[in-house]
Amino acid sequence: MPGDYPTGPIASHRTATGLILAGGRGRRMGNVDKGLVNWEGRPLVEHVIERFKPQVGRLLVSCNRNASTYRRYTNDVIGDRLPDYQGPLAGIASALELLETPLLAVAPCDTPQLPRDLVKRLRLALERSPGAGVSYASHGGKRHYLCAVLRREALASLDAYLATGGRAAREWYGTIGAVELAFEGTNDSFLNINAISTEP
């Protein structure tokens with residue numbers, strides 16, 4: 001259902017707060033902290049920060065363990081308010097109390113080759129879609145719901161959705177109005193790392 005959101009241009013990347021989601025269990029990788037897994041010689045989160053941080057005005061990291069390690073990258077480290085690893089939407093909900101900008105840009109910690117213009121393109125997609133509360137990326141027919149930019153106003157309904165037991169980003173997006181933006185010609189930009197590196 002489309003929302004009643006502000007219209008007009010959203011000036012620049014400085015109007016977006018960035019949130020890296022690193023709060024999962026990492027079940028497919030043996031319950032490790034995925035953001036700290038080595039990939040090409042560095043923790044995955046370092047690769048994501050390198051590409052994502054220049055696109056936003058402030059950077060948050062959502063994690064549910066190893067907070068002191070993540071604070072090496074940013075002082076703005078948050079944990080879920082809900083217990084027991086309730087999924088990425090719980091991490092997004094926890095960011096709302098720190099959000100001082102019109103937009104929240106979201107990226108998962110296991111996508112180390114994100115497009116360097118991800119936030120700009122998703123922001124512009126929102127500008128062109130005044131009824132949408134969120135824009136998210138797709139590539140090659142695959143939807144990447146957690147590579148997204150959300151309006152602050154749209155986040156107001158998230159706690160209520162979580163309270164009903166809802167956990168699916170796709171489903172919640174349907175309630176706030178969503179626009180999908182295809183990223184083509186970027187074959188590895190949404191590479192998702194789901195195996196532990198064997199590099200020394």
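The structure we're discussing is the one just above.
Here the structure is a predicted model, which is why all the values come from computation and not from measurement.

A. Looking closely at the pattern of salt bridges. Within the structure shown, the criterion is met by eight salt bridges. Glutamate 50 is the salt-bridge partner of arginine 42, the closest N and O atoms lying 3.4 Å from each other. Notably, a salt bridge pairs aspartate 159 with arginine 81, separated by 3.3 Å at the nearest N-O pair. Within this pair, whereas aspartate 159 is found in helix 5 (residues 158-163), its partner arginine 81 is found in the loop between strand 5 (77-78) and helix 3 (88-95), the two being separated by 78 residues in sequence. Given a relative accessible area of 39%, aspartate 159 falls into the partly exposed group. Looking at arginine 81, the relative accessible area reads 46%, which means it is partly exposed. Where salt bridges share partners, they join Arg81, Glu97 and Asp159 into one cluster.

B. Region of interest: unusual backbone geometry. A positive phi angle, close to 50°, is found at glutamate 40, a residue other than glycine. Even without a glycine there, the phi angle at asparagine 66 is positive, about 55°. The residue asparagine 66 is located in the loop between strand 4 (58-63) and helix 2 (67-70) in this model. On the basis of relative accessibility, which here comes to 36%, the residue asparagine 66 falls in the partly exposed class.

C. Representation of helix 3 in the model. Among the eight residues that make up helix 3, seven are buried, leaving the element largely enclosed by the rest of the structure. In this fold, the buried residues of helix 3 make contact with strand 1 (16-22), strand 4, strand 5, strand 6 (103-108), helix 5 and helix 6 (169-176).

D. Molecular detail of the sheet that holds strand 1. Read from one edge of the open sheet, seven strands run 5-4-1-6-8-7-9, paired in mixed fashion. The sheet is open, and its two edges are formed by strand 5 and strand 9 (178-182), each paired on a single side. Bridge count for strand 7 (residues 134-139) against strand 9 is five bridges, and the pairing is parallel. Counted as the bridge partner of alanine 137 is leucine 181 from strand 9.

Cut-offs and rules
- Residues numbered from 1 in each chain as written.
- Predicted model: local features only at pLDDT ≥ 70, side-chain atom pairs only at ≥ 80, totals over all residues.
- Heavy atoms only, no water.
- Salt bridge = Lys/Arg side-chain N within 4 Å of Asp/Glu carboxyl O.
- Helix = DSSP H or I, 4+ residues; strand = E, 2+ residues; numbered from the N terminus.
- Buried < 20%, exposed > 50% of the residue type's maximum accessible area, 1.4 Å probe, protein only.
- Contact = heavy atoms within 4.5 Å.
- Pairing = 2+ DSSP bridges.

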